[in-house]
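Next come the chains, spelled out residue by residue.
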Amino acid sequence: MELLVMGMNEATDYIPTKPTYALRIFSSFVPNMVDDFPLTDSRNYTAIKAYIFDDNDSSYEAGPAWINPRIARDMIIDFQTHKKDIETLLIHCTHGKNRSPAIAMAFNDIFGFGYSILKLMEKYAAFNKHTYKTLLDTARGLGLIK
């Protein structure tokens, strides 16, 4: 599985060449961002899913919408239903520094993509730890990991 972590501008310019699942994270501060920043039209997108939660972490609070177990469950279950049909997972948030790397690392742990978690944590040192933990805790509850 190719794992791509991007910011919004990079993601909107990206043109997939292989079957790609796009997981988009938006802020609650700008409700029309999903419509205002469409991905490039491509038949290689097998699914495009958007979720709204802010870049909150235990050390700070950036907005009113925190990731929660319901959002985490929806993300995990939806990806699980599509993963057999894709070669690339594109995850993006506004800047590609906090939320999307946390999701990428958690999905790597949950679905076994084979990337070194230590290298990912080093590369994305500012990853959102609350998002990462919420996804892992939810996956444990679903029996996907121990």
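Preceding block: the structure.
All values derive from a computational prediction rather than experimental measurement. (Residues numbered from 1 in each chain as written. Predicted model: local features only at pLDDT ≥ 70, side-chain atom pairs only at ≥ 80, totals over all residues. Heavy atoms only, no water.)

**Remarks on the side chain of Thr134**
Structurally, Thr134 can be placed in helix α6 (residues 129–141). For Thr134, a relative accessible area of 10% translates into the label buried. Of note is the side chain of Thr134, whose polar atom sits 2.8 Å from the backbone oxygen of His130. Here Thr134 is in contact with Ile67, Asn68, Pro69 and Ala72, once residues within four sequence places are set aside. (Helix = DSSP H or I, 4+ residues; strand = E, 2+ residues; numbered from the N terminus. Buried < 20%, exposed > 50% of the residue type's maximum accessible area, 1.4 Å probe, protein only. Polar contact = N/O pair within 3.5 Å; in protein donor to acceptor, adjacent residues only side chain to side chain. Contact = heavy atoms within 4.5 Å.)

**Quick word on the environment of Met33**
Tracing the backbone through its elements, the reader meets Met33 in helix α2 (residues 33–36). With a relative accessible area of 10%, Met33 lands in the buried category. Each C-alpha atom of the pair Met33 and Asp13 lies 15 Å from the other, and the pair is 20 residues apart in sequence. In contact with Met33, other than residues within four places in its own chain, are Met8 and Phe26.

**Brief notes about the packing of helix α3 (residues 69–82) against helix α4 (residues 99–111)**
Running from N to C, α3 and α4 cross one another at 60°; their axes reach a closest spacing of 12 Å. Classified by the angle their axes make, α3 and α4 are oblique. Our pair here, α3 against α4, has a crossing hand that is right-handed. Contacts between α3 and α4 pair Met75, Ile76, Phe79 and Gln80 from the former with Ile103, Phe107, Ile110 and Phe111 from the latter. Looking at side-chain class alone, the contact of α3 with α4 contains 7 nonpolar, 1 polar and no charged residues. (Axes fitted to C-alpha atoms, helices over the stretch in contact; angles between N-to-C directions. Parallel < 35°, antiparallel > 145°, perpendicular 65-115°, else oblique. Left-handed = near helix turned anticlockwise from the far one by under 90°. Nonpolar A, V, L, I, M, F, W, Y, C, P; charged D, E, K, R; others polar.)

**Let's talk about the side chain of Asn108**
Assignment of secondary structure puts Asn108 in helix α4. In terms of polar contacts, Asn108 uses its side chain to reach the backbone carbonyl oxygen of Tyr115, at 2.9 Å. If we skip the residues at most four places from it in the chain, Asn108 touches Phe113, Gly114, Tyr115, Ile117 and Leu120.

**Concerning the environment of Phe29**
For Phe29, the location among the structural elements is in the loop between β2 (20–26) and α2. Considering only alpha carbons, one finds Phe29 and Thr88, 59 residues apart in sequence, at a separation of 29 Å.

**Considerations on the packing of aromatic side chains**
Counting across every chain of the model gives 7 aromatic pairs. Judged by centre distance (5.2 Å) and plane angle (85°), the ring pair of Tyr21 and Phe79 falls under edge-to-face. Placement of Tyr21 in strand β2 and of Phe79 in helix α3 is noted, with a sequence separation of 58 residues between them. When sorted by exposure, Tyr21 lands in the same class as Phe79, which is buried. Look at Phe111 and Phe113: their rings are 6.4 Å apart centre to centre, the planes differ by 20°, and that puts the pair in the stacked class. (Phe/Tyr/Trp six-rings, centres within 6.5 Å; stacked < 30°, edge-to-face > 60°.)

Any link to function would need more than the numbers given here.
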